[in-house]
Amino acid sequence: MKRFSLILIIMTGMAFSYTTQAQTDISPERKRAIDSLAMEKIRDLGKYISIIGNKQTPFSEAKRVIDRTLELFVEEAQMGVSSLSREEVIYYAIREYLERLMLLNYDKVKIEWFNIQYISDLELQPDGRYVGVITIFQRFEGTSDDGLIYKDVTKKDITVYVERKQTQIGGKLIGFWDVLLGDIRVVETTK
Amino acid sequence: MIKRIFKITFLLMIALSLSSGMAGCKSKKKLAREQAAAEYARTVETAKQDLLSIINDEGNMSLPEKESKLQRVKDMNINEPEILALTRQAEEVIAAEKEAMRKKWEEENKKKTEAVSLSLADYFALVAGASSVENANIKMNEALKLFAGPNTPVLIIISQEGDLVDYDRPTTAKKYLEYLKDQKKNLNEIENIEYDDNGKIKLLELIKKDY
């Protein structure tokens, strides 16, 4: 039994190192393409959030966009929400955050992401995934019917996971990079 | 005396009838042989005419008709040098016609691909640049008619190194068009289109413009 366990451990180790090796052997050009793909997903998320928050977006469209947005995230991912009026940051599951965003009690909501950049490059992890952190600045502006405007700028860090996967399409084996976003943590909130 | 005459007459009649019966039998066999020969000659002639009609056809007969005619002749198993030579000729005619049809189909398909590529690329630009959700939805629904279905796979190439191709996560026709509508950016070009038997897109391959 002990010998069997040892063999199993060695074989698992070999398989793991093979996977890691296969993903390590990527050229700088391929790596750049993956970096760029992950960055694109963050930009996409920024746009989705602005559509969902926008009061002009029809309800059915906002619901559909929420579903599309969820496809960008790993399960259990959370979004940090801050406010100038309170100290603490509240973390919501992504769906809950997006639904709350859609129903915000303002007449007009404008959300904009800017200064999007890597603060930690995508690095290969022992589990074969690439993990990195991208930081964004979010400008939020909510206007209520009495003309009051709430504004803030929040710096947020987004964990990015990239994994090489394969699937069969039309009898052809397709190798693709699956980019998934993890928790979005609030770094700071300013006026 | 009379009895004797009767007897001789009777024997003569039997002999006569026997001899005439034998002659009849002989002529029946001959007739059968002649009929078989005539039948064979007719079969050969029909086969010859069928083969000549394939060889000399000037567009009146369809390819399947020609193929079935040739097959009928082959099934007759006629071992005549003339028929065998004509069969080979007919086979060559059919093979040449098939090749011409294949080339024509390829050219038509190429033209169609270029035409659809253009209109599909136009639709992508129109959906991404639509001034309203309603306009984008109208263009999306028109574009979807070019696809075999809303779930037709769409692949996006993000990098290529020799045979090694890296894709983004595969998506579908409907989701890709929705992406263009939501993001209002059209960053990919059409790389390859595969069609089904109805001329609808069954697989679309895109490539990043800045790649």
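In this report, the structure presented in the accompanying data block is examined. (Residues numbered from 1 in each chain as written. Chains lettered and ligands numbered in written order. Predicted model: local features only at pLDDT ≥ 70, side-chain atom pairs only at ≥ 80, totals over all residues.)

### Side note on the overall build of chain B
Moving on, step 1. Helices and strands together make up the secondary structure of chain B, namely five helices and five strands.
Moving on, step 2. The burial tally for chain B puts 19% of its 211 residues in the buried class.
Moving on, step 3. Partitioning the intrachain contacts of chain B with sequence separation of at least 6 by distance along the chain shows that 57% fall at a separation of at least 24. (Helix = DSSP H or I, 4+ residues; strand = E, 2+ residues; numbered from the N terminus. Buried ≥ 20, exposed ≤ 12 C-beta atoms within 10 Å, placed from the backbone. Contact = placed C-beta atoms within 7 Å.)

### Overview of unusual backbone geometry
Moving on, step 1. Positive phi values are uncommon outside glycine, yet Asn115(A) reaches one of about 50°.
Moving on, step 2. By the C-beta count within 10 Å, which is 10 here, Asn115(A) ends up exposed.
Moving on, step 3. We note that Lys184(B) has phi near 55°; this positive angle belongs to a residue other than glycine.
Moving on, step 4. In this fold, Lys184(B) is placed in the loop between helix H5 (173-183) and strand S4 (188-195).

### Considerations on the interface of chain A and chain B
Moving on, step 1. Facing the 21 residues of chain A at the interface are 15 residues of chain B.
Moving on, step 2. Of all the secondary structure elements, the ones that give two or more residues to the side of chain A that touches chain B are helix H2 (28-53), helix H3 (59-70), strand S5 (149-169) and strand S6 (172-190) of chain A.
Moving on, step 3. In terms of residue count, H2(A) provides more of the side of chain A that touches chain B than any other element does, eight residues in total.
Moving on, step 4. Looking at the side of chain A that touches chain B, its residues break down into 10 nonpolar, four polar and seven charged. (Nonpolar A, V, L, I, M, F, W, Y, C, P; charged D, E, K, R; others polar.)

### So, the packing of H2(A) against helix H4 (residues 94-102) of chain A
When two helices pack together, their arrangement is captured by the angle between the axes and the distance separating the axes.
All names here are of chain A.
Moving on, step 1. Here H2 crosses H4 at 45°, and the two axes come no closer than 7 Å. Between H2 and H4, the angle falls in the class oblique. Seen from H2, the contacting residues are Ile-49, Ile-52 and Gly-53; seen from H4, they are Leu-98, Leu-101 and Met-102.
Moving on, step 2. Here the residues of the contact of H2 with H4 sort into five nonpolar, one polar and no charged. (Axes fitted to C-alpha atoms, helices over the stretch in contact; angles between N-to-C directions. Parallel < 35°, antiparallel > 145°, perpendicular 65-115°, else oblique.)

Purely geometric numbers; function is a separate question.
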